[in-house]
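Results of the structural survey
Residues per chain, in single letters:
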Amino acid sequence: MKENAQRILANPKFQELVQKRSAFAWTLSIAMLVIYFGFILLVAFGKGFLGTPIGNGVTTWGIPVGLFTIVSAFILTGIYVHRANGEFDELNRQIMEESK
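Per an unreviewed UniProt entry, the protein chain carries the name DUF485 domain-containing protein and comes from Azospirillum brasilense.

Written out as structure tokens, the structure reads:
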């Protein structure tokens, strides 16, 4: 078991997988943090904007901005899952075959 783990850790494809997955995860995490903290900052300092009605109705800009914040989390998660199921799983499969 220990030899197999050492072989996997030494595999250049494993290093590539770790680097790509980490960089992509950090990129998406930073994007979500910017969206979320942007929303929080708008709530704290942009109450006038968020309270401005859209058109003649009772809906304000706060509703679509809040929905965007929530939906963006789902979209970014979907982007990660799509890439993980494609590129990352393929690299993982190659690593597992090479380690046999």
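Some details on the side chain of Ser72
For Ser72, the location among the structural elements is in helix α4 (residues 62-98). With near-sequence residues (within four places) excluded, Ser72 lies in contact with Met32 and Ile35.

Looking at the nonpolar core
Formed by Ile8, Leu17, Phe24, Leu28, Leu76, Ala84, Phe88, Leu91 and Ile95, the largest nonpolar core amounts to nine residues. Counting residues per element, the ones that place at least two in this core are α2 (12-45) and α4. Among the elements that line this core, the one with the most residues is α4, at five residues. Discounting residues that sit within four places of it in the chain, Leu76 has contacts with Leu28, Ala31 and Met32.

Topic: α4
An ideal rise of 1.5 Å per residue puts 54 Å on 37 residues; α4 measures up with 52 Å between its terminal C-alpha atoms. For α4, the set of buried residues is Val65, Gly66, Thr69, Ser72, Leu76, Ala84, Phe88, Leu91 and Ile95.

With respect to the pattern of salt bridges
Under the criterion given, the structure shown has six salt bridges. Taking the shortest distance from any N to any O, the salt bridge between Lys20 and Glu16 comes out at 3.0 Å. Highlighted residues: Lys20 and Glu16, both in helix α2, separated by four residues, approximately one helical turn. With a closest N to O distance of 2.9 Å, Arg83 and Glu87 form a salt bridge. One end of the pair, Arg83, and the other, Glu87, are both in helix α4, four residues apart, so they sit about a helical turn from each other. Using a relative accessible area of 28% as the deciding quantity, one classes Glu87 as partly exposed. When salt bridges with common partners are traced through the structure, they connect Glu16, Lys20, Arg83 and Glu87 into a single cluster.

Each value, and the rule that gives it
- Residues numbered from 1 in each chain as written.
- Predicted model: local features only at pLDDT ≥ 70, side-chain atom pairs only at ≥ 80, totals over all residues.
- Heavy atoms only, no water.
- Helix = DSSP H or I, 4+ residues; strand = E, 2+ residues; numbered from the N terminus.
- Contact = heavy atoms within 4.5 Å.
- Core = buried A, V, L, I, M, F, W, Y, C linked by side-chain atoms within 4.5 Å.
- Buried < 20%, exposed > 50% of the residue type's maximum accessible area, 1.4 Å probe, protein only.
- Expected span 1.5 Å × (residues − 1).
- Salt bridge = Lys/Arg side-chain N within 4 Å of Asp/Glu carboxyl O.

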